[in-house]
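Fold and contact review
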Amino acid sequence: MTSPKGTFDILPLANELWQQSHLWRFFEENVYASTKLYGFEEIRTPIFEKTELFLRGVGDSSDIVSKEMYTFEDKGGRSMTLRPELTASVMRSFAEHHLEQKGALHKLFYMGPMFRYDRPQAGRYRQFHQMGAEIIGGKSPLHDAEIIDFAVSILQKLGLTKLNLFINSVGDADSRQAFSQALKEYLPENQLSEDSRKRLSTNPLRILDSKDPGDQALLEKAPKLRDFLGSSSQDHLQIVQEQLKTWGHDTIIHPRLVRGLDYYNETVFEVTAGGQNAQNALCGGGRYDGLLKLLGGADLPGVGFAMGIERVLQALIAQEKAPSMPGLCSLFLISLGDAAKSLSLKLLKDLRADGISVVMDYSGKKIKDQLKMASDRGCKYALIIGDEEISSGQAELKNLASRETKKISWQNRAILKGDLL
Ligand code: AMP
């Protein structure tokens, strides 16, 4: 039996480096540290929601909703969907629990699996993982700048370099409306790709996202979104860019960046890592001022992003920045004979109580094999205890990396601890 197509296991030792659990832990610990620095609090919502939430909150003209949802009927005949993204769930939860009554500004982050029935390929999975954050209740462009700085600084702290930060403005509803109309009038329907033809009536803005070369060529001379932006949208974008500049981030204006989801307004952004396929974004987001209200909540603005954890780990490996696997333990205990075994079992428990990581193998394998097991798993030291060590009270502590040995009074835990730490 294998895991379903487009899914994968995360293991201590996996063939694909990015599937190794220590890297996931490395990512998560870094994120938790950054969220503290920036004052984001965690939100956890259900893995599945009522389908209607995503129809309304993500938009039924988006690929995610129209093609990629894992939708099923539960035993009560209700339509449920495995979450394809989390912003809609966060807004649902925010509205349901009236978080607007619990403060003026809300900074939330999340981490977990998302599900999209997409064609599996490198960097694209059916169960994938996102870390994301939302700032709800702030209209100032400084919030946009802060959320972008937060996303980029997470990537930088992990060790990634050569990041490209693309930014654009999709303006307000009126300018998008006028631009959509102009696009509709300009683009020759019969020359567009099949997907774009559909979008011409449902959501013309999304045609800018098209990867089809024919569509791209047609767009060259098409009306430009920036020409439809009002002065307040232009000012908004400029403030975001200027603030990011003072925080040390160069931005690249990407005039066709509109992002896949329908609910964005004003700022949209994406981050890619240099050397990668530019379409393999590590992270993307933007402002979505009307979403909470649309989902029955308060009329509060929001800005957020989602980061693909698989892609970040793959970028770390590509840039040779992934940390090496940590050792399994400080001490690997090897005992010979029954008396030594029972003393070792006691020592094992006592050392763990002292906060030292210790592992013991109970299979009775030869010393040589146990030493190999200890080195293979990156243990720092091995201690061999037999009858002689019991009577003398002395044992050899072996440093498995340097192969040096040292005689120690193995029953004196204070001394042993000093050597191990
Ligand atoms: P989105 O929610 O589509 O804006 O995606 C945000 C980020 O999630 C992307 O930049 C990717 O890094 C990641 N992502 C989206 N879809 C997938 C997928 N099917 N497999 C892996 N990562 C994904």
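1. What to know about the overall build of the protein
Along the protein, the regular secondary structure elements total 15 helices and 16 strands. Against the globule reference of 22 Å for 421 residues, the protein gives a C-alpha radius of gyration of 27 Å, more extended than a compact globule. Referenced to the eigenvectors of the C-alpha coordinate spread, the extents of the protein come out at roughly 95 × 50 × 45 Å. Split into buried and exposed, the 421 residues of the protein put 50% on the buried side. Taking all contacts inside the protein whose residues are at least 6 apart in sequence as the whole, residues at least 24 apart take part in 68%. Carbon and sulfur atoms make up 51% of the accessible area of the protein, which totals about 20,700 Å². Charged side chains of the protein number 53 positive and 54 negative; the gap between the two group centres comes to 4 Å.

2. Focus on helix α6 (residues 173-186)
With 14 residues, α6 should cover 20 Å at 1.5 Å per step; its first-to-last C-alpha distance of 20 Å lies within 8% of that length. Of the positions making up α6, those classed as buried are Ser175, Arg176, Phe179, Ser180, Ala182 and Leu183. Buried residues along α6 cover an arc of 165° about the axis, so they all sit on one side. α6 presents Ala173, Asp174, Gln177 and Glu185 as exposed residues on the side facing more than 90 degrees away from its buried surface. If you follow the buried residues of α6, they end up packed against α8 (213-220) and β9 (265-273).

3. Here we look at the site of the ligand
Surveying the vicinity of the ligand reveals 13 residues, the closest of which are Arg116, Tyr125, Gln130, Arg259 and Ala281. Between the ligand and Gln130, the relevant distance is 3.0 Å, taken from an oxygen atom to a side-chain nitrogen or oxygen of the residue. For the ligand, whose accessible area on its own is 480 Å², the fraction buried by protein is 91%. Counting residues per element, the ones that place at least two in the shell around the ligand are β6 (127-136) and β11 (302-308). Per-class residue counts for the shell around the ligand are six nonpolar, three polar and four charged.

4. Some details on a nonpolar patch on the surface
Together, Ile47, Phe48 and Phe72 make up a nonpolar patch on the protein surface, roughly 250 Å² of accessible area in all. On the basis of relative accessibility, which here comes to 34%, the residue Phe72 falls in the partly exposed class.

5. So, the side chain of Ser193
When you line up the elements, Ser193 lands in the loop between α6 and α7 (194-202). Every residue in contact with Ser193, bar those within four places of it in the chain, is listed here: Ser210, Asp212 and Asp215.

6. Focus on unusual backbone geometry
For Lys162, which is not glycine, the phi torsion reads 50° and is therefore positive. Although it is not a glycine, Glu266 sits at a positive phi angle of roughly 50°. On the secondary structure map, Glu266 appears in strand β9. With relative accessibility at 10%, the residue Glu266 sits in the buried group.

7. Some words on the nonpolar core
Core analysis: the biggest nonpolar cluster contains 86 residues, and Phe27, Met131, Phe269, Phe305 and Met307 have the highest contact counts within it. Contact partners of Phe305, with chain neighbours within four places excluded, come to Tyr110, Met131, Gly132, Ala133, Glu134, Ile147, Phe150, Ala151, Phe269, Cys283, Gly284 and Gly285.

8. Structural notes on helix α5 (residues 141-158)
Here α5 spans 26 Å end to end across 18 residues, near enough to the 26 Å set by a 1.5 Å rise per residue. Of all 18 residues making up α5, 14 are buried, and the element is well covered by its neighbours. With a side-chain oxygen lying 2.9 Å from the backbone nitrogen of Leu142, the N-terminal cap of α5 falls on Ser140.

9. A few points about the domain arrangement of the protein
Structurally, the protein comprises domain 1 (17-172 + 230-318) and domain 2 (331-420). Between the C-alpha centres of domain 1 and domain 2 there is a distance of 48 Å.

10. Re the packing of aromatic side chains
Applying the stated criterion across every chain, the model contains 11 aromatic pairs. Pairing Trp18 with Tyr125 gives two aromatic rings, centres 5.3 Å apart and planes at 40°, and the pair type is tilted. In this pair, Trp18 is assigned in the segment before α1 (21-38) and Tyr125 in the loop between β5 (106-115) and β6, connecting sequence segments 107 residues apart. Each member of the pair, Trp18 as well as Tyr125, carries the same accessibility label: buried. Consider the rings of Tyr38 and Phe150, whose centres lie 4.9 Å apart with planes at 45°: the pair is tilted. Of this pair, Tyr38 sits in helix α1 while Phe150 sits in helix α5, and the two are 112 residues apart along the sequence. For the residue pair Tyr38 and Phe150, the accessibility class agrees, reading buried in each case. A connected cluster of aromatic rings, assembled from ring pairs, spans Phe8, Trp18, Trp24 and Tyr125. Above the plane of the ring of Phe40 lies Lys107, whose end atom (NZ or CZ) is 5.0 Å from the centre.

11. What to know about empty space enclosed by the protein
In this structure the tally under the stated criterion is one cavity of 30 Å³ or more. The volume enclosed by the largest cavity comes to roughly 70 Å³. Residue classes in the lining of the largest cavity are distributed as six nonpolar, no polar and three charged.

Calculation criteria
Residues numbered from 1 in each chain as written. Predicted model: local features only at pLDDT ≥ 70, side-chain atom pairs only at ≥ 80, totals over all residues. Heavy atoms only, no water. Helix = DSSP H or I, 4+ residues; strand = E, 2+ residues; numbered from the N terminus. Rg over C-alpha atoms; globule rule 2.2 N^0.38 Å. Buried < 20%, exposed > 50% of the residue type's maximum accessible area, 1.4 Å probe, protein only. Contact = heavy atoms within 4.5 Å. Areas by Shrake-Rupley, 256 points an atom, 1.4 Å probe, with all protein chains shown as cover. Lys, Arg positive; Asp, Glu negative; His and termini not counted. Charge placed at Lys NZ, Arg CZ, Asp CG, Glu CD. Expected span 1.5 Å × (residues − 1). Arc of directions from axis to C-beta. Near = heavy atom within 4 Å. Polar contact = N/O pair within 3.5 Å; in protein donor to acceptor, adjacent residues only side chain to side chain. Nonpolar A, V, L, I, M, F, W, Y, C, P; charged D, E, K, R; others polar. Patch = residues over 30% accessible without salt bridge, like charges linked within 9 Å, V, L, I, M, F, W, Y side chains within 5 Å. Salt bridge = Lys/Arg side-chain N within 4 Å of Asp/Glu carboxyl O. Core = buried A, V, L, I, M, F, W, Y, C linked by side-chain atoms within 4.5 Å. Domains from an automatic or database assignment. Phe/Tyr/Trp six-rings, centres within 6.5 Å; stacked < 30°, edge-to-face > 60°. Lys NZ or Arg CZ within 6 Å of the ring centre and 35° of its normal. 1 Å grid on protein atoms, 1.4 Å probe; cavity = no way out; pocket = protein on both sides within 12 Å on 5 of 7 lines; lining within 4 Å. Points joined across faces, edges and corners; volume = space filled by probe spheres on them.

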